[in-house]
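# Working through the structure, step by step
Here are the chains, one letter per residue:
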Amino acid sequence: MPRHRSRLSAACLGGLALAATLAAEDGYRLWLRYDPIEPEALRTHYAETIGTVELAPTLDDRPAVTDSAREELLLGLTGLLATTPRIVITTGSPAPELGEEGYRVSTLTPGTVRITAYRSAGLLYGAFALLRQMQTHGRLDAPLTSVPRIQHRMLNHWDNLDRFVERGYAGFSLWEWFNLPDILSPRYRDYARACASIGINGTVLTNVNADALVLTPAWLEKVAALADVFRPWGIRVYLTSRFSAPIQIGGLGTADPLDPRVADWWRARVDEIYRLIPDFGGFLVKANSEGQPGPQDYGRTHAEGANMLADALAPHGGIVLWRAFVYQADNTLDRVRQASAEFNPLDGAFRDNVVLQIKNGPLDFMPREPFHPLFGSLRRTNLAAELQITQEYLGGSIHLAWLGTMWEEFLQSDTFAAGPGSTIERILDGSLHGRRITAMAGVANTGTDRNWTGHAMAQGNWYAFGRLAWDPGLSARAIAEEWTRMTFGNAPEVVGPVVTLLIGSRETVVNYSMPLGLHHIMAAGHHYGPGPWV
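Residues numbered from 1 in each chain as written. Predicted model: local features only at pLDDT ≥ 70, side-chain atom pairs only at ≥ 80, totals over all residues. Heavy atoms only, no water.

## Let's talk about the overall build of the protein
The line we're drawing: Note on conventions: DSSP H or I runs of at least 4 residues are helices, E runs of at least 2 residues are strands, and numbering of each starts at the N terminus. Exposure classes here rest on a 1.4 Å probe applied to the protein chains alone. A residue is buried below 20% of its type maximum, exposed above 50%, and partly exposed in between. In what follows, a contact means two residues having at least one pair of non-hydrogen atoms within 4.5 Å. In these tables, accessible area is a Shrake-Rupley quantity obtained with a 1.4 Å probe, and a residue counts as shielded only by the protein chains included in the view. We treat Lys and Arg as the positive residues and Asp and Glu as the negative residues; His and chain ends play no part in the count. Charged groups are reduced to one reference atom each: NZ for lysine, CZ for arginine, CG for aspartic acid, CD for glutamic acid.
A count of helical and extended segments in the protein gives 16 helices and 13 strands. Its C-alpha atoms put the protein at 70 × 60 × 50 Å along the principal axes. Each of the 534 residues in the protein was classed as buried or not, and the buried ones make up 59%. For the protein, long-range pairs separated by at least 24 residues make up 73% of all intrachain contacts whose partners lie at least 6 apart in sequence. Roughly 20,400 Å² of accessible area belongs to the protein as shown, and the carbon and sulfur atoms make up 54% of that amount. Charge centroids of the protein, computed over 47 positive and 55 negative side chains, lie 3 Å from each other.

## A closer look at the sheet that holds strand S4 (residues 111–117)
Stated precisely, the cut-off is as follows: Two strands qualify as a pair provided that DSSP identifies no fewer than 2 bridges between them. Axis lines are fitted to C-alpha atoms, over the contacting stretch for helices. Their N-to-C directions set the angle, which ranges from 0 to 180 degrees.
Spatially, five strands are ordered S2-S1-S4-S3-S5 in an open sheet, and the strand pairing comes out mixed. On the outer flanks of this sheet lie strand S2 (86–89) and strand S5 (144–146), each paired with one strand and no other. Pairs of neighbouring strands in the sheet enclose a mean axial angle of 20 degrees, with direction left out of account. Set on the sheet, helix H2 (residues 40–49) makes contact with strand S1 (50–57), strand S3 (103–109) and S4; between it and S1 the angle comes to about 50 degrees. The strands that helix H4 (residues 120–135) touches are S1, S3, S4 and S5; relative to S4, the one it contacts most, it runs at about 140 degrees.

## Quick look at the nonpolar core
Filter applied, for reference: Side-chain atoms within 4.5 Å are what join buried Ala, Val, Leu, Ile, Met, Phe, Trp, Tyr and Cys residues into a set we call a nonpolar core.
Ranked by internal contacts, the top residues of the largest apolar core, which has 143 residues, are Phe230, Trp322 and Trp462. Looking at this core element by element, the count peaks at ten residues for H4. Counting residues in each nonpolar core, the second largest holds 20 residues, with Ile319, Leu321, Ala384 and Ala439 among its members.

## Brief notes about the pairing of S3
Across three bridges, S3 lies against S5 in antiparallel orientation. When the sheet's bridge partners are listed, Arg104 is paired in S5 with Thr145. Bridge analysis of S3 against S4 gives five bridges, and the strand direction is antiparallel. Note on S4: the bridge partner recorded for Thr109 is Thr112. As consecutive antiparallel partners, S3 and S4 are separated by one residue.

## Concerning the packing of aromatic side chains
Any two aromatic rings considered together are summarised by their centre-to-centre distance and by the angle between their planes. Stated formally: Stacked, tilted and edge-to-face are the three classes assigned to paired rings of Phe, Tyr and Trp, where Trp is represented by its six-membered ring and a pair needs centres within 6.5 Å; plane angles under 30 degrees give stacked, over 60 edge-to-face, the rest tilted.
Throughout the structure, instances matching the rule amount to 23 aromatic pairs. Between the aromatic rings of Tyr274 and Phe280, the centroid separation amounts to 5.6 Å while the plane-to-plane angle is 80 degrees, which identifies the pairing as edge-to-face. A residue is classified by how much of its surface remains accessible, and Tyr274, at 7% relative accessible area, is buried. With a relative accessible area of 1%, Phe280 lands in the buried category. Feature note: the residues Tyr28, Trp31, Trp175, Tyr188, Tyr191, Phe230, Trp452, Trp462 and Tyr463 constitute an aromatic cluster, connected by ring pairs.

## Here's the deal with the side chain of Glu272
Topologically, Glu272 is positioned in helix H8 (residues 260–276). The contact partners of Glu272, leaving out residues within four places of it in the chain, are Pro217 and Leu220.

Keep in mind that these numbers describe shape and distance, not what the molecule does.
Below, the structure is given as structure tokens:
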């Protein structure tokens with residue numbers, strides 16, 4: 001038997017043994033499993049170190065977020081230590097170097113740990129960092145300091161208003177629209193906790209193939225109810241906007257972005273949204289792609305369409321995420337060149353609060369493809385990476401395909417846009433071109449399945465995206481080990497085989513689904529493959 005197959009077989013046997021020991025675990029808790037730490041000696045050591053936790057923000061700007069941090073610490077520490085610590089909220093010394101969301105966790109004296117932050121959000125992320133360090137049996141004698149490198153770290157839910165999830169493999173949409181705003185599922189809060197634990201601070205609730213209905217008053221009240229649940233966990237809501245909404249729900253005869261009536265309609269609708277949701281994040285837009293309406297229907301450019309929406313959002317601090325996936329079946333230009341042909345001439349033409357959201361590759365979320373050339377060619381435009389957490393071309397939630405290695409490969413690719421070292425990591429964090437707004441989006445893999453993601457191991461992709469959105473320079477292997485320890489425990493006989501499975505899984509999918517670089521050899525409708533006979 002070849003060596004790599006032998007290693008994989010051993011890992012699989014270890015995984016099967018692990019599954020047998022976890023028969024009573026249904027996966028709902030994800031990686032937030034606050035069971036008593038073993039061995040007992042380590043639990044005792046932690047308890048002696050953390051008798052009191054001080055939460056010390058410079059500015060307690062969002063008390064509800066501070067309350068969430070305190071609540072999570074009580075839940076987590078009580079579970080991990082089998083004893084209830086003391087949580088104290090105090091005023092911290094100035095710490096502007098930690099920014100809006102950074103944190104520092106330090107041991108003051110034996111028995112007292114302090115979480116320092118400039119603002120409340122940092123306390124929340126610091127609380128999860130402390131719990132993560134304990135779950136993975138890490139040391140507490142050195143400060144834990146971290147500041148996110150990406151400003152907008154968000155999930156994109158391709159969820160329709162009838163609760164069908166496009167490219168979803170884990171049940172129906174989490175959003176129970178027909179029960180909202182009056183009935184709030186407890187899963188909303190648990191979803192927010194899970195997102196906050198890995199640093200996600202935004203969620204786009206609706207499909208990029210948008211339905212204008214969500215922008216009507218009755219539906220906006222439903223959105224506001226979700227925003228109220230997410231807000232204490234530092235998460236802003238965003239919506240997808242259908243470009244033809246002024247016609248469909250506004251009674252206008254046009255959606256031309258240069259028509260003053262259209263601009264006025266959008267301004268009024270945005271004002272209404274912010275009256276209901278004061279911290280609304282903004283719009284994600286798919287336009288003039290795969291049959292979706294857009295500014296080109298009126299002879300206008302993508303920049304003119306995006307800027308019209310951006311002007312409506314700007315007074316409220318909102319942003320427009322404009323997708324660069326502009327594939328048109330009737331365009332005779334090679335598909336991988338279409339986005340570059342559209343957007344390269346528009347570099348520098350977008351408003352400051354517009355972010356061009358670009359898929360990691362120029363084709364369509366293939367198991368392996370080169371990085372999108374727009375990352376190397378656009379220098380005067382805010383750019384976001386769009387990664388696909390849900391496994392559209394990687395076996396759905398049936399096959400194990402952990403994508404941390406795929407995303408690491410993408411993020412560390414060198415574009416040479418400004419000479420050697422011009423990695424996509426540096427483009428996305430804004431440091432290469434001095435961009436003011438930075439973002440990273442992941443197409444979510446969540447649903448109503450009890451374990452959230454269908455395939456239990458697919459939870460690791462949700463986790464890996466969040467960690468890389470916080471710091472795109474993190475090692476995929478380190479993230480895989482971290483998630484494994486938090487999810488399945490710290491025993492070497494568990495960690496080793498599971499990490500081996502994770503690290504090798506994506507390459508296995510590449511080998512059997514698109515050998516030699518061949519692509520789209522799968523069924524046309526469901527994209528589950530391989531299907532070279534199609």
